[in-house]
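So you can see what is in the structure, the chains are spelled out below.
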Amino acid sequence: MAIKITKHYFINLSLVVIIFAIGILAIRYYNHYVSAYTDVTINSSVLNESRKVFIRLPTNYNPKKAYPLIIKTDGNFNLDTWDKALTKQAKSEKGDKAILVSIPNLFFTDTRNRDLVPPYARQDVNTEPRPEHDMLKEPNGEADKFLAFIETELLPYLSTTYKLSNNRVLSGFSAGGSFVLYTLHTKPELFNGYFAFSPAAWYDDMTVVDNLEAFLTTQANKVKSPTYLYISVGGAEHPLMLKAFSNLESVLTANPNNKLVWQSAINKGADHSDNPSLSVAKTLAGYSVFIER
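What counts as what
Residues numbered from 1 in each chain as written. Predicted model: local features only at pLDDT ≥ 70, side-chain atom pairs only at ≥ 80, totals over all residues. Heavy atoms only, no water. Helix = DSSP H or I, 4+ residues; strand = E, 2+ residues; numbered from the N terminus. Expected span 1.5 Å × (residues − 1). Bend = angle between axes of the 7 residues up to and from the residue. Buried < 20%, exposed > 50% of the residue type's maximum accessible area, 1.4 Å probe, protein only. Contact = heavy atoms within 4.5 Å. Core = buried A, V, L, I, M, F, W, Y, C linked by side-chain atoms within 4.5 Å. Pairing = 2+ DSSP bridges. Axes fitted to C-alpha atoms, helices over the stretch in contact; angles between N-to-C directions. Phe/Tyr/Trp six-rings, centres within 6.5 Å; stacked < 30°, edge-to-face > 60°. Parallel < 35°, antiparallel > 145°, perpendicular 65-115°, else oblique. Nonpolar A, V, L, I, M, F, W, Y, C, P; charged D, E, K, R; others polar. Salt bridge = Lys/Arg side-chain N within 4 Å of Asp/Glu carboxyl O. Polar contact = N/O pair within 3.5 Å; in protein donor to acceptor, adjacent residues only side chain to side chain. Right-handed = clockwise from strand over helix to strand, strands pointing away.

Student: Any details on helix 6 (residues 203-218)? Residues and values, ideally.
Tutor: For helix 6, with 16 residues, the first-to-last C-alpha span of 22 Å sits near the 22 Å given by 1.5 Å per residue. A bend of about 30° at Asp 210 is the largest found in helix 6. Along helix 6, the positions that sit buried rather than exposed are Tyr 203, Asp 204, Met 206, Thr 207, Val 208, Val 209, Leu 212, Phe 215 and Leu 216. Those residues of helix 6 that are buried lie in contact with helix 5 (175-186), helix 7 (239-254) and strand 8 (260-267).

Now the structure itself:
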């Protein structure tokens, strides 16, 4: 017996597929661009676009009290780990110690490399140095613009909206980690805490490492107040990531600075995506000791 497939069947099937696709897109949007905290949109003239930030206030937040500030670059990624770590810290130290602000990448546009890759490295990150005569003229990262957004728009907004102490942290993972190192060697005065988890310091034949080394050897006097740096990597990460991490440790060891306190950790057996969750509590503990000494 032949089964008759009508025009209405195809129309209904198409509607089901469209609704299903829209549902998947909505879930992805929610997971990426909506947080469990306070979501604020800032119209940025620096970036010429609107940018969301997720703001987690401390438990029992008191608007009359000044709080440290932590800005992280990776949106909802690992945000639940930060929440748990800060909650645990609140219980053990009788009160949350920071306002946490997380910046997601744009949803409909791929902005992660654009925003987080330093301007001396290619946006389309590469392990090899840029050819001397680069006929393709590949675009560089625009971390300088993203940093200007944080410095001239986000920080002023947060400072006028909340009462902040002088203790301020910038944290990032992978590309975000390279952005943390870029900020340290270009605007060290903006933060007194820098957390770089699995920093992608291997861009363009270790150019991030080279630029940090140049800063430490020729401009280290720009670190004018006590500053804390924490870097970590997973022991099971790509050999290139491990090599860049080793190079960072060597550069920091070879160029001691009495204003810069740094710690490093290799989380044994951890891969790239696991390392940040294993690093948050450790770096918060290290930073707490640093600011309380």
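What follows continues from the structure just given.
Student: Give me the lowdown on the nonpolar core, citing residues and values where you can.
Tutor: Ile 71, Ile 150, Leu 154, Leu 158 and Phe 179 are the most contacted members of the largest nonpolar core, which totals 56 residues. The residues contacting Ile 150, other than those within four sequence positions of it, are Ile 71, Ile 103, Leu 155, Pro 156, Phe 179 and Phe 191. In terms of nonpolar packing, the next biggest core, distinct from the first, is built from 19 residues, Leu 79, Leu 86, Ala 98 and Ala 265 among them.

Student: Any details on the sheet that holds strand 4 (residues 99-102)? Residues and values, ideally.
Tutor: Spatially, the eight strands line up as an open sheet ordered 1-2-4-3-5-6-7-8, and their pairing is mixed. Both outer strands of the open sheet, strand 1 (38-44) and strand 8, are each paired with one neighbouring strand and no more. In this sheet, adjacent strand axes meet at a mean angle of 20° when their direction is disregarded. As defined by bridge partners, strand 7 (residues 227-234) adjoins strand 8 across eight bridges and the pair is classed as parallel. Directly across from Val 233, in strand 8, lies its bridge partner Ile 266.

Student: Can you lay out the packing of aromatic side chains for me, pointing to particular residues and giving the numbers?
Tutor: According to the stated counting rule, one finds 15 aromatic pairs in the structure shown. Each member of the aromatic cluster is reached from another via a ring pair, and the members are Trp 82, Phe 195, Tyr 228, Tyr 287 and Phe 290.

Student: Account for the pairing of strand 2 (residues 49-56), with residues named and values stated.
Tutor: By the criterion of burial, strand 2 is predominantly enclosed, with seven of the eight residues buried. Sheet topology places strand 1 next to strand 2; seven bridges connect them, and they run antiparallel. Paired with Thr 41 across the bridge in strand 2 is Lys 52. Linking strand 1 to strand 2, which pair antiparallel, is a turn of four residues; within it Asn 48 sits at a positive phi near 60°. Summarising the sheet, strand 2 and strand 4 pair through three bridges and their orientation is antiparallel. Counted as the bridge partner of Ile 55 is Val 101 from strand 4.

Student: Explain the packing of helix 4 (residues 143-161) against helix 5 residue by residue, including any values.
Tutor: Contact geometry for helix 4 and helix 5: axes closest at 11 Å, N-to-C directions at 75°. Between helix 4 and helix 5, the angle is such that the two are roughly perpendicular. In this structure, helix 4 uses Ala 143, Asp 144, Phe 146, Leu 147 and Ile 150 to contact helix 5, whose residues at the interface are Phe 179, Tyr 182, Thr 183 and Thr 186. Residue composition of the contact of helix 4 with helix 5, grouped by class: six nonpolar, two polar and one charged.

Student: Any chance you could break down the pattern of salt bridges for me, citing the residues and the numbers?
Tutor: According to the stated counting rule, one finds 10 salt bridges in the structure shown. With a closest N to O distance of 3.8 Å, Lys 52 and Asp 39 form a salt bridge. With a gap of 13 residues between them, Lys 52 in strand 2 and Asp 39 in strand 1 connect regions that are remote in the sequence. Salt-bridge contacts for Arg 114 lead to Asp 115; the nearest nitrogen and oxygen are separated by 2.8 Å. Note on accessibility: Arg 114 and Asp 115 belong to one class, buried. Within the structure, one salt-bridge network assembled from shared partners comprises Glu 49, Arg 51, Arg 114 and Asp 115.

Student: Go over the side chain of Ser 165, please, and point to the residues and values.
Tutor: Tracing the backbone shows Ser 165 in strand 5 (residues 164-173). Taking the relative accessible area as the measure of exposure, Ser 165 reaches 17% and is therefore buried. Separated by 3.2 Å, the side chain of Ser 165 and the backbone nitrogen of Asn 167 make a polar contact. When neighbours within four sequence positions are excluded, Ser 165 is seen to be in contact with Ala 66, Tyr 67 and Pro 68.

Student: Account for unusual backbone geometry, with residues named and values stated.
Tutor: The bulk of non-glycine residues show a negative phi, and the bulk of peptide bonds are trans. Positive phi outside glycine occurs at Ser 174, with the angle close to 60°. The exposure class assigned to Ser 174 is buried, which follows from its relative accessible area of 15%. Within the chain, Asp 204 stands out as a residue other than glycine whose phi angle is a positive 45°. Along the chain, the position of Asp 204 falls in helix 6.

Student: A description of the pairing of strand 7 should follow, citing residues and the corresponding values.
Tutor: With eight of its eight residues buried, strand 7 lies for the most part within the structure. Residue alternation in strand 7 divides its side chains into two sets, Thr 227, Leu 229, Ile 231 and Val 233 and Tyr 228, Tyr 230, Ser 232 and Gly 234, and both sets are buried. The handedness of the strand 6 (residues 193-197) to strand 7 crossover, carried by helix 6, is right-handed. Crossover strand 7 to strand 8 through helix 7 is right-handed.

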